[in-house]
Amino acid sequence: MPQVVGVFTDLDTTPTGLDLTIDIDSRFSTHPTPLKLAAIATGILATLLALTALHQLDTTDGRRHRRFLPPSWWRLRPLDGIVATILAIWYLIGANTADDGYILTMARVANDAGYMANYYRWFGVSEAPFGWFYDITALLAQISTASPFIRITTLIASLLCWWIISREVIPRLGRRARTTPAVTWTAAAVFLAFWLPYNNGLRPEPIIAVGALLTWISIERAIATGRLLPAATAVIIAAFSLAAGPTGLMAVAALLAGSRPLLAILIKRAREHGWIPVTAPILAAGMAVLFIIFYDQTLATVTEASRLRTAIGPSLAWYEEFFRYSELFSQTADGSLARRIPVLMMVLSMFTAGAAIIHQASKSRMARGPSIRLLAVAIMSFGFLAATPTKWVHHFGAFAGIGAAIAALGAVALTTALFQSPRNKVLYGSIVLLLAAYAATGPNGYWYVGSFGVPWWDKRPSINGHVLATGVLAIGLLLLIIGAFLYLRHTEARGLRRWALMPFQAPVAIVTSAFVVFAMLSLAKGAVSQYPAYSIARSNIDSLRGSPCGLANDVLVESDINSGFLRPASGDDPVDAFEGRLNTGFDPNGVRVDLVPEDINVNGSGPSTINPDGPRVGGASITTEFLDEPGINGSLVTLPFGLDPDRVPVLGSFTVPQNAVAELLTGWYELPERSPGSPLLIVTAAGLIDSTDADGIRDYGQTLEVEYGRSDGGSFEPMGRIQPIDPGPSPMWRNLRVPMTDIPAEANVVRVVARDQDFEARQWLALTPPRVPQVTTLQELVGSEQPVLLDWTVGLHFPCQQPYLHINGVAQPSEYRITPDRGVIAGANSWQSPFAGGSLGLTNTLNDSTTMATYLRDDWRRDWGELIDYDRYRPEAVPAEIDHDTVTRSGLWSPGPIVP
């Protein structure tokens, strides 16, 4: 079996002689032998010698060596400063990618595991053959896990990618490309539009984007010079790009695009020097990546890892590629307007360039050979993308380099005769705006904390009900009508002033730049509106100041939830005080069994547990469970968040049928002295409760209010009422909250007022007495040493928490789990499920779980996620004794297939 969490028995004593031995499958925990290391070193040296020999063969053509980088390569330009500034600002304030926590956690545990494991799924198999780039992240993680530091390779890649586009790609597209500012500005706009939403994280797409460009440039240099060393260099870069991730096939596309002229050069050189001297170095260059892939893994382990990933999935066929585009144009963060616009502009530029290349009059303005090959790379890249087994939208980040190059080629095409007439310029501008309008129908959303404070994060942008996309669409249609009018009049509109046509010289640059500016302003607004609460920008700046723990410093936790309940002002019994002077229709057991929210899916993939009567464990409580013995006020309802039913009473209005209005007016409770450590008054409640969200939209439900007042010698004077913040989701148990700053300083008592006047079965509410708890930060409670299951979506934002380790096939038991918000939790539960060989197969099978009461400092409405405390089902169980041994095996050895 692929996972074992323990061996348990119902026997009171262990019979004499009973013994159990389990051979742990640790096939991926390997180390190269001295012989293998020597072979790798010899291979690297031989490859370098072969490339040196190939260079010597190249020099036999009688031409002297050309300067590798021209002097102008290092000359700074104003646009370089603009691009670099935007990249640097976005690096600090911009949203990150969905998989950053996944990759960072893999990197953090790799040193102890002895290999780069897929930590959350597939039974922890090796990432090889697509893992070498993660090893760089692992090296950085040993120094610091702070987000600004761990992502430094991404920042370097972004600057390098732009430098290559502006210095190497654009000059190769012809004289017109070098002398037309609109071409460079278009490339910059599309490059930024790709990079900002897709590549501000730890995924390998930034490296692949650079690798694809370098491969194409090396091929072009080989064709231009007639030499083979640049071709061998291209093969090396393409191989390493492919080994960084499956989308690295686009670098292979660059090789194929230049294969015909390269073959001619190869044949010519082979006739002079023979086939082996010219082909062997190129083959050696392509195989050099195997030294990295198999450095610490064997052929058997890589084969088994690939087989298991395919068997468990997701592994989709090429004809299911439409799933990727379905997500791109969905109303989710994957389908955001920022992610749509660069893809649409790249596709439009491909058609534009293709039309200009076919049009014969374009020959004088476009470098035909490089242009055709660049266009071929883009077309093949989309085809190769369909061949990848997973269909994630974030793969489009690999197009940042090639996409910008294609946009530049499209801008050159606009200078040709085909697009020079005013009629065609207007028509082309209308097409750009129509595509922009379609892109703007997506939400302005980003993954997880990236959306905190961002306007329109969950919907398409609009102002006072006027949708932005509709306005852009109207302008696009107006231009389309004008273009049609010019076409029908058979005129070139010579009377139009030149200034009126200036925006049509580079419509892609103008529109895409507008989207880039919109993204920058959105994240800047989020950072400002959130302050002093958590935002990505504030967190990154804190890291630079020496406080790198991210969300862990802002999540507040009730470490002892049962200690903060308010004392009745009259000194009454807690039950009598809670029922107060008025209680009609509220009962200790008036809680509905079904607590499943209607608007989201929070159901986890709960495994069978070693406790046969245990609940199916998910991210939150979605059903009411019942106690064996009644609680303090006779309730049999199990309370959430670790509330003790022997100390905490509960009342609810649910009954079938409900024939009368239910009302509750509790007794007065004394407020404690105001303290920074107690910023909230909390009422734990369930059901549908009337509330108003952050946008001022009312959610209909039954009334629950906190009334504050002043006590004076045994008499109480009501002063006002407050509707608590309801974080949702209804009807689950959740902690309604009132910031203590909203209660006047002169108020010293509070009571709760509840009313259920809707007889419909779905309309009910339940509550517990108010409390003002002492809170501590998650960092102070959990610390940096206790093993934690950090869900794959949160790892980057909790860099100080210690992920549970696994060494030689044995994993640490987790003490806590940290989950994302409820918009993402279903995906996290599914991906990490035991049926997929995920982390929940270890933690949920071994532990009972309690969701702790948590809040995000100064952002009291926010659903940041959950902190789950794990308790062993069998705390008396003794850890197994583990014997270690080291065995030398062949690279073909396998203990057998892993069976899910």
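A.B. asks: Explain the sheet that holds strand S15 (residues 765-767) here, please?
C.D. replies: Hydrogen bonding along the main chain pairs the strands of a sheet, whether they run parallel or antiparallel. What the 4 strands build is an open sheet, ordered S5-S15-S8-S13; its pairing is antiparallel. Unpaired on one side and paired on the other, strand S5 (651-652) and strand S13 (734-739) mark the two borders of the sheet.

A.B. asks: Sorry, what's going on with the environment of Ala257 here?
C.D. replies: Among the structural elements, Ala257 can be located in helix H11 (residues 249-257). Between the C-alpha atom of Ala257 and that of Leu69, which follows or precedes it by 188 residues, the distance is 24 Å. Setting aside chain neighbours within four positions, we find Ala257 in contact with Arg373, Ala376, Val377 and Met380.

A.B. asks: Would you take a moment to explain helix H24 (residues 536-544) for this structure?
C.D. replies: A turn of α-helix holds 3.6 residues, and therefore any two residues three or four places apart point the same way. Extensive coverage of H24 is indicated by the burial of 7 of its 9 residues. Three or more residues of H24 are buried, namely Ile536, Ala537, Arg538, Ser539, Asn540, Asp542 and Ser543. On its buried face, H24 sits against helix H2 (78-93), helix H5 (147-150) and helix H23 (507-530). At the C-terminal side of H24, Gly546 shows a positive phi close to 100°.

A.B. asks: Honestly, the pairing of strand S11 (residues 703-712) in this entry has me stumped. Any pointers?
C.D. replies: On a regular strand, one side chain projects to one face of the sheet and the next to the other, so that they alternate. Of the strand pairs in this sheet, S11 and strand S14 (residues 749-756) are connected by 7 bridges, and their pairing is antiparallel. Paired with Leu704 across the strands is Ala754, a residue of S14. In sequence, S11 turns back onto strand S12 (residues 715-722) through a hairpin of 2 residues, with Gly713 there showing a positive phi of about 65°.

A.B. asks: Mind showing me how you'd approach the pattern of salt bridges here?
C.D. replies: Between side chains of opposite charge, a pair can form as their charged atoms come close. In total, this model carries 29 salt bridges according to the counting rule given. With a shortest N-O distance of 3.2 Å, Lys459 and Asp458 are connected by a salt bridge. By relative accessible area, Lys459 is classed as partly exposed at 35%. Among the ionic pairs, Arg755 bridges to Glu663, the shortest N-O distance being 2.6 Å. Of this pair, Arg755 sits in strand S14 while Glu663 sits in strand S6 (residues 662-665), and the two are 92 residues apart along the sequence. Among the charged side chains, a salt-bridge network with shared partners connects Glu705, Glu707, Arg721 and Arg751.

A.B. asks: Can you help me understand the sheet that holds strand S3 (residues 555-557) in this one?
C.D. replies: Taken in spatial order, the 3 strands make up an open sheet running S16-S3-S23, and their pairing is antiparallel. Each having just a single partner strand, strand S16 (776-777) and strand S23 (854-856) make up the two edges of the open sheet.

A.B. asks: For this particular structure, what's the right way to read the packing of aromatic side chains?
C.D. replies: Aromatic rings in a pair are described by how distant their centres are and how their planes are angled relative to each other. This structure, assessed with the given rule, holds 28 aromatic pairs. Here the aromatic rings of Tyr102 and Trp792 are separated by 6.1 Å at their centres, their planes lie at 55°, and the arrangement is tilted. Placement of Tyr102 in helix H3 (residues 100-113) and of Trp792 in the loop between strand S17 (787-790) and strand S18 (802-803) is noted, with a sequence separation of 690 residues between them. For Trp792, a relative accessible area of 11% gives the class buried. Arg151 extends its terminal NZ or CZ atom over the ring of Tyr91, reaching a point 4.3 Å from the ring centre. Over the ring of Phe452 we find Arg862, and its NZ or CZ is 4.2 Å from the ring centre.

A.B. asks: So what exactly am I meant to see when it comes to the packing of helix H9 (residues 205-225) against helix H18 (residues 368-387) here?
C.D. replies: It is at 11 Å that the axes of H9 and H18 come closest, and there the two elements cross at 150°. Accordingly, the angle class assigned to the pair H9 and H18 is roughly antiparallel. The element H9 and its partner H18 pack so that their crossing is right-handed. The residues of H18 that touch H9, namely those facing Trp216, Glu220 and Ile223, are Pro370, Arg373, Leu374 and Val377.

A.B. asks: How should I be thinking about the side chain of Thr512 in this particular structure?
C.D. replies: Mapping Thr512 onto the fold places it in helix H23. You can call Thr512 buried: its relative accessible area is 0%. Within the structure, the side chain of Thr512 is placed 2.7 Å from the backbone oxygen of Val508, a separation counted as a polar contact.

A.B. asks: Looking at this model, I keep getting lost on the side chain of Arg862. Mind explaining?
C.D. replies: On the secondary structure map, Arg862 appears in the loop between S23 and strand S24 (866-872). Within polar-contact distance, the side chain of Arg862 engages the side chain of Gln530 at 3.2 Å.

Rules used in this analysis
- Residues numbered from 1 in each chain as written.
- Predicted model: local features only at pLDDT ≥ 70, side-chain atom pairs only at ≥ 80, totals over all residues.
- Heavy atoms only, no water.
- Pairing = 2+ DSSP bridges.
- Helix = DSSP H or I, 4+ residues; strand = E, 2+ residues; numbered from the N terminus.
- Contact = heavy atoms within 4.5 Å.
- Buried < 20%, exposed > 50% of the residue type's maximum accessible area, 1.4 Å probe, protein only.
- Salt bridge = Lys/Arg side-chain N within 4 Å of Asp/Glu carboxyl O.
- Phe/Tyr/Trp six-rings, centres within 6.5 Å; stacked < 30°, edge-to-face > 60°.
- Lys NZ or Arg CZ within 6 Å of the ring centre and 35° of its normal.
- Axes fitted to C-alpha atoms, helices over the stretch in contact; angles between N-to-C directions.
- Parallel < 35°, antiparallel > 145°, perpendicular 65-115°, else oblique.
- Left-handed = near helix turned anticlockwise from the far one by under 90°.
- Polar contact = N/O pair within 3.5 Å; in protein donor to acceptor, adjacent residues only side chain to side chain.

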